[in-house]
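Listed here are the chains, written in short residue letters.
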Amino acid sequence: MIIYGKQPVYYLIEKHPSKVKTVFVSKELDKKEYSRLMRMDFELKRIPDNAAQSMSKTGNHQGFLAEVDDLELYDLKDLSKPEFVLVLAGITDMGNMGAIIRSAYGLGIDAIVVTGVKHFQAENVVRSSAGAAYDMPIVHEHNLYDVMNELKLDGFTLYGATMDGEDIRHVKCTAKRALIMGNEAQGIPTRAIKKLDIAVSIEMANDFDSLNVSVASAILMDRMRN
(Lines give C-alpha, C1' and ligand atoms only; values in the text may rest on other atoms or scores of the structure.)
Protein backbone atom coordinates (compact mmCIF):
# COMPACT_ATOMS: atom_id res chain seq x y z
CA MET A 1 0.00 0.00 0.00
CA ILE A 2 1.01 3.65 -0.43
CA ILE A 3 1.43 6.01 2.51
CA TYR A 4 2.51 9.62 2.36
CA GLY A 5 3.69 12.47 4.57
CA LYS A 6 7.18 12.95 5.95
CA GLN A 7 6.40 11.84 9.53
CA PRO A 8 4.74 8.47 8.80
CA VAL A 9 7.25 7.67 6.04
CA TYR A 10 10.23 8.42 8.26
CA TYR A 11 8.65 6.58 11.19
CA LEU A 12 8.59 3.39 9.14
CA ILE A 13 12.08 4.00 7.79
CA GLU A 14 13.41 4.32 11.34
CA LYS A 15 11.28 1.71 13.13
CA HIS A 16 10.29 -0.82 10.43
CA PRO A 17 12.68 -0.53 7.48
CA SER A 18 11.97 -4.12 6.43
CA LYS A 19 8.36 -3.14 5.67
CA VAL A 20 9.41 -0.39 3.25
CA LYS A 21 9.63 -1.41 -0.41
CA THR A 22 10.12 1.89 -2.22
CA VAL A 23 10.44 5.49 -1.07
CA PHE A 24 9.40 8.24 -3.49
CA VAL A 25 10.60 11.82 -3.04
CA SER A 26 9.38 14.82 -5.01
CA LYS A 27 11.55 17.44 -3.35
CA GLU A 28 15.25 18.14 -3.04
CA LEU A 29 17.01 16.40 -0.17
CA ASP A 30 20.34 17.46 1.25
CA LYS A 31 23.21 15.21 0.22
CA LYS A 32 23.65 13.61 3.63
CA GLU A 33 19.97 12.67 3.90
CA TYR A 34 19.86 11.39 0.33
CA SER A 35 23.02 9.30 0.83
CA ARG A 36 21.63 7.76 4.02
CA LEU A 37 18.42 6.72 2.28
CA MET A 38 20.36 5.34 -0.67
CA ARG A 39 22.32 3.04 1.63
CA MET A 40 19.16 1.38 2.94
CA ASP A 41 17.65 -1.79 1.50
CA PHE A 42 14.60 -0.21 -0.13
CA GLU A 43 14.51 1.46 -3.53
CA LEU A 44 14.64 5.27 -3.60
CA LYS A 45 13.02 7.10 -6.51
CA ARG A 46 12.73 10.77 -7.43
CA ILE A 47 9.37 11.63 -8.99
CA PRO A 48 7.82 14.89 -10.26
CA ASP A 49 5.32 16.64 -8.04
CA ASN A 50 2.37 15.87 -10.32
CA ALA A 51 3.12 12.16 -9.96
CA ALA A 52 3.32 12.55 -6.18
CA GLN A 53 -0.01 14.36 -6.18
CA SER A 54 -1.57 11.56 -8.18
CA MET A 55 -0.16 8.85 -5.89
CA SER A 56 -1.40 10.67 -2.79
CA LYS A 57 -4.78 11.43 -4.38
CA THR A 58 -4.04 15.16 -3.94
CA GLY A 59 -3.30 14.68 -0.22
CA ASN A 60 -0.58 16.65 1.56
CA HIS A 61 2.36 14.36 0.80
CA GLN A 62 5.07 16.88 1.85
CA GLY A 63 7.30 15.44 -0.85
CA PHE A 64 7.51 11.96 0.73
CA LEU A 65 5.63 8.79 -0.22
CA ALA A 66 6.35 5.12 0.28
CA GLU A 67 5.15 1.74 -0.90
CA VAL A 68 5.01 -0.41 2.23
CA ASP A 69 3.80 -3.80 3.39
CA ASP A 70 0.13 -3.99 4.27
CA LEU A 71 -0.78 -3.35 7.90
CA GLU A 72 -1.25 -6.64 9.75
CA LEU A 73 -4.54 -6.90 11.61
CA TYR A 74 -4.98 -9.24 14.55
CA ASP A 75 -7.67 -11.59 15.82
CA LEU A 76 -8.93 -10.85 19.32
CA LYS A 77 -8.18 -14.43 20.37
CA ASP A 78 -4.56 -14.13 19.22
CA LEU A 79 -3.62 -11.25 21.52
CA SER A 80 -1.05 -12.16 24.15
CA LYS A 81 -2.80 -11.71 27.52
CA PRO A 82 -3.78 -8.05 27.17
CA GLU A 83 -4.80 -6.14 30.30
CA PHE A 84 -5.98 -2.82 28.87
CA VAL A 85 -7.94 -2.87 25.63
CA LEU A 86 -9.52 0.08 23.83
CA VAL A 87 -12.68 -0.59 21.81
CA LEU A 88 -13.74 1.95 19.18
CA ALA A 89 -17.46 1.67 18.45
CA GLY A 90 -18.31 3.09 15.04
CA ILE A 91 -15.69 5.83 14.82
CA THR A 92 -15.64 6.82 11.14
CA ASP A 93 -13.28 9.79 11.00
CA MET A 94 -9.87 8.35 10.12
CA GLY A 95 -8.15 11.45 11.48
CA ASN A 96 -9.72 10.79 14.87
CA MET A 97 -8.93 7.09 14.67
CA GLY A 98 -5.30 7.74 13.80
CA ALA A 99 -4.93 10.26 16.63
CA ILE A 100 -6.45 7.76 19.07
CA ILE A 101 -4.08 5.01 17.92
CA ARG A 102 -1.12 7.34 18.31
CA SER A 103 -2.18 8.24 21.87
CA ALA A 104 -2.92 4.60 22.72
CA TYR A 105 0.54 3.52 21.62
CA GLY A 106 2.17 6.32 23.60
CA LEU A 107 0.13 5.49 26.72
CA GLY A 108 0.88 1.76 26.61
CA ILE A 109 -2.54 0.36 25.67
CA ASP A 110 -2.23 -3.33 24.83
CA ALA A 111 -4.59 -3.46 21.83
CA ILE A 112 -7.31 -1.59 19.96
CA VAL A 113 -10.47 -3.22 18.65
CA VAL A 114 -12.18 -1.35 15.81
CA THR A 115 -15.89 -2.16 15.49
CA GLY A 116 -18.84 -0.85 13.48
CA VAL A 117 -16.69 0.01 10.45
CA LYS A 118 -17.23 -2.11 7.37
CA HIS A 119 -13.95 -1.26 5.64
CA PHE A 120 -10.83 -0.55 7.67
CA GLN A 121 -8.95 2.18 5.76
CA ALA A 122 -5.42 1.11 6.61
CA GLU A 123 -3.60 3.71 4.49
CA ASN A 124 -5.47 6.60 6.11
CA VAL A 125 -5.04 5.17 9.59
CA VAL A 126 -1.29 4.66 9.17
CA ARG A 127 -0.88 8.22 7.92
CA SER A 128 -3.03 9.87 10.58
CA SER A 129 -1.37 7.82 13.33
CA ALA A 130 2.06 9.02 12.07
CA GLY A 131 3.00 5.35 11.61
CA ALA A 132 2.16 4.23 15.16
CA ALA A 133 -0.48 1.83 13.77
CA TYR A 134 2.38 -0.54 12.84
CA ASP A 135 3.31 -0.87 16.52
CA MET A 136 -0.20 -1.13 17.98
CA PRO A 137 -2.04 -4.48 17.75
CA ILE A 138 -5.29 -3.63 15.95
CA VAL A 139 -8.29 -5.94 15.69
CA HIS A 140 -11.09 -5.28 13.20
CA GLU A 141 -14.40 -6.84 14.21
CA HIS A 142 -17.70 -5.62 12.78
CA ASN A 143 -19.99 -6.54 15.68
CA LEU A 144 -19.49 -4.52 18.87
CA TYR A 145 -21.71 -6.80 20.95
CA ASP A 146 -19.76 -9.93 20.05
CA VAL A 147 -16.56 -8.14 21.13
CA MET A 148 -18.12 -7.04 24.42
CA ASN A 149 -19.34 -10.57 25.15
CA GLU A 150 -15.93 -12.06 24.34
CA LEU A 151 -14.14 -9.57 26.57
CA LYS A 152 -16.56 -10.25 29.42
CA LEU A 153 -16.00 -13.99 29.11
CA ASP A 154 -12.26 -13.34 29.28
CA GLY A 155 -12.60 -11.52 32.59
CA PHE A 156 -12.51 -7.89 31.44
CA THR A 157 -14.44 -5.14 33.19
CA LEU A 158 -16.19 -3.02 30.57
CA TYR A 159 -15.95 0.75 30.98
CA GLY A 160 -17.66 3.07 28.52
CA ALA A 161 -17.56 6.81 27.95
CA THR A 162 -20.96 8.46 28.38
CA MET A 163 -22.11 11.99 29.11
CA ASP A 164 -23.59 11.05 32.50
CA GLY A 165 -21.04 8.46 33.63
CA GLU A 166 -19.08 8.47 36.87
CA ASP A 167 -16.23 10.99 37.04
CA ILE A 168 -13.18 9.01 35.91
CA ARG A 169 -11.09 10.64 38.63
CA HIS A 170 -13.10 8.75 41.23
CA VAL A 171 -13.10 5.35 39.53
CA LYS A 172 -10.69 2.63 40.64
CA CYS A 173 -10.13 0.44 37.60
CA THR A 174 -9.65 -3.31 37.65
CA ALA A 175 -6.49 -4.95 36.34
CA LYS A 176 -8.22 -6.28 33.21
CA ARG A 177 -10.17 -3.42 31.69
CA ALA A 178 -11.66 -2.44 28.38
CA LEU A 179 -12.56 1.15 27.55
CA ILE A 180 -15.29 1.61 24.93
CA MET A 181 -15.48 4.88 23.01
CA GLY A 182 -18.50 5.65 20.86
CA ASN A 183 -18.63 7.46 17.55
CA GLU A 184 -18.41 11.18 16.97
CA ALA A 185 -22.16 11.83 16.70
CA GLN A 186 -24.17 9.32 18.76
CA GLY A 187 -21.60 7.95 21.17
CA ILE A 188 -21.98 4.38 22.42
CA PRO A 189 -25.24 2.70 21.30
CA THR A 190 -27.90 2.48 24.00
CA ARG A 191 -27.94 -1.31 23.83
CA ALA A 192 -24.18 -1.38 24.45
CA ILE A 193 -24.43 1.06 27.37
CA LYS A 194 -26.72 -1.45 29.10
CA LYS A 195 -23.96 -4.06 28.84
CA LEU A 196 -21.31 -1.86 30.47
CA ASP A 197 -20.04 -2.57 33.97
CA ILE A 198 -19.23 1.08 34.62
CA ALA A 199 -20.06 4.21 32.61
CA VAL A 200 -17.39 6.89 32.97
CA SER A 201 -17.09 10.53 32.00
CA ILE A 202 -14.77 13.52 32.14
CA GLU A 203 -16.08 16.24 34.41
CA MET A 204 -15.83 19.67 32.80
CA ALA A 205 -14.61 22.74 34.66
CA ASN A 206 -16.78 24.96 32.45
CA ASP A 207 -20.21 24.55 30.88
CA PHE A 208 -19.38 22.77 27.63
CA ASP A 209 -21.08 19.74 26.16
CA SER A 210 -18.26 17.45 25.07
CA LEU A 211 -14.69 16.94 23.90
CA ASN A 212 -13.47 15.63 20.57
CA VAL A 213 -13.43 11.82 20.74
CA SER A 214 -9.66 11.59 20.24
CA VAL A 215 -9.04 14.08 23.07
CA ALA A 216 -11.53 12.34 25.36
CA SER A 217 -9.97 8.95 24.58
CA ALA A 218 -6.49 10.18 25.48
CA ILE A 219 -7.67 11.64 28.80
CA LEU A 220 -9.58 8.51 29.78
CA MET A 221 -6.78 6.16 28.75
CA ASP A 222 -4.27 8.12 30.79
CA ARG A 223 -6.48 8.21 33.88
CA MET A 224 -7.22 4.48 33.61
CA ARG A 225 -3.60 3.40 33.28
CA ASN A 226 -3.02 2.95 37.00
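In what follows, the accompanying structure is described. (Residues numbered from 1 in each chain as written. Predicted model: local features only at pLDDT ≥ 70, side-chain atom pairs only at ≥ 80, totals over all residues. Heavy atoms only, no water.)

**Here's the deal with the overall build of the chain**
Okay, so step 1: Secondary structure assignment for the chain yields 8 helices and 10 strands.
Okay, so step 2: Taken along its principal axes, the extent of the C-alpha atoms in the chain is 55 × 40 × 30 Å.
Okay, so step 3: Counting across all 226 residues of the chain, residues that qualify as buried make up 48%.
Okay, so step 4: Carbon and sulfur atoms make up 46% of the accessible area of the chain, which totals about 12000 Å². (Helix = DSSP H or I, 4+ residues; strand = E, 2+ residues; numbered from the N terminus. Buried < 20%, exposed > 50% of the residue type's maximum accessible area, 1.4 Å probe, protein only. Areas by Shrake-Rupley, 256 points an atom, 1.4 Å probe, with all protein chains shown as cover.)

**Comments concerning the sheet that holds strand β5 (residues 84-89)**
Okay, so step 1: Read across the sheet, 6 strands follow the order β7-β6-β5-β9-β8-β10 without closing on themselves; strand pairing throughout is parallel. Here the strands that pair on one side only, and so sit at the sheet edges, are β7 (138-140) and β10 (198-201). Here the strands of the sheet are splayed against their neighbours by 30° on average, with no regard to which way each runs.
Okay, so step 2: Both strand β8 (residues 157-167) and strand β9 (residues 177-182) contribute to a ladder of 4 bridges, which runs parallel. Among the inter-strand pairings, Tyr-159 is bridged to a residue of β9, identified as Leu-179. (Pairing = 2+ DSSP bridges. Axes fitted to C-alpha atoms, helices over the stretch in contact; angles between N-to-C directions.)

**What about the sheet that holds strand β4 (residues 64-68)?**
Okay, so step 1: Taking strand neighbours across the sheet as the criterion, the 4 strands line up as β1-β4-β2-β3 in an open arrangement whose pairing is mixed. The sheet is open, and its two edges are formed by β1 (2-4) and β3 (43-46), each paired on a single side. Taken pair by pair, the neighbouring strands of this sheet meet at an average axis angle of 20°, ignoring direction.
Okay, so step 2: Here strand β2 (residues 20-25) pairs with β4 via 5 bridges, running antiparallel. What sits directly across from Val-23, in β4, is Ala-66.
Okay, so step 3: Those strands touched by helix α1 (residues 6-15) are β1, β2 and β4, and its axis lies near 45° from that of β4. (Contact = heavy atoms within 4.5 Å.)

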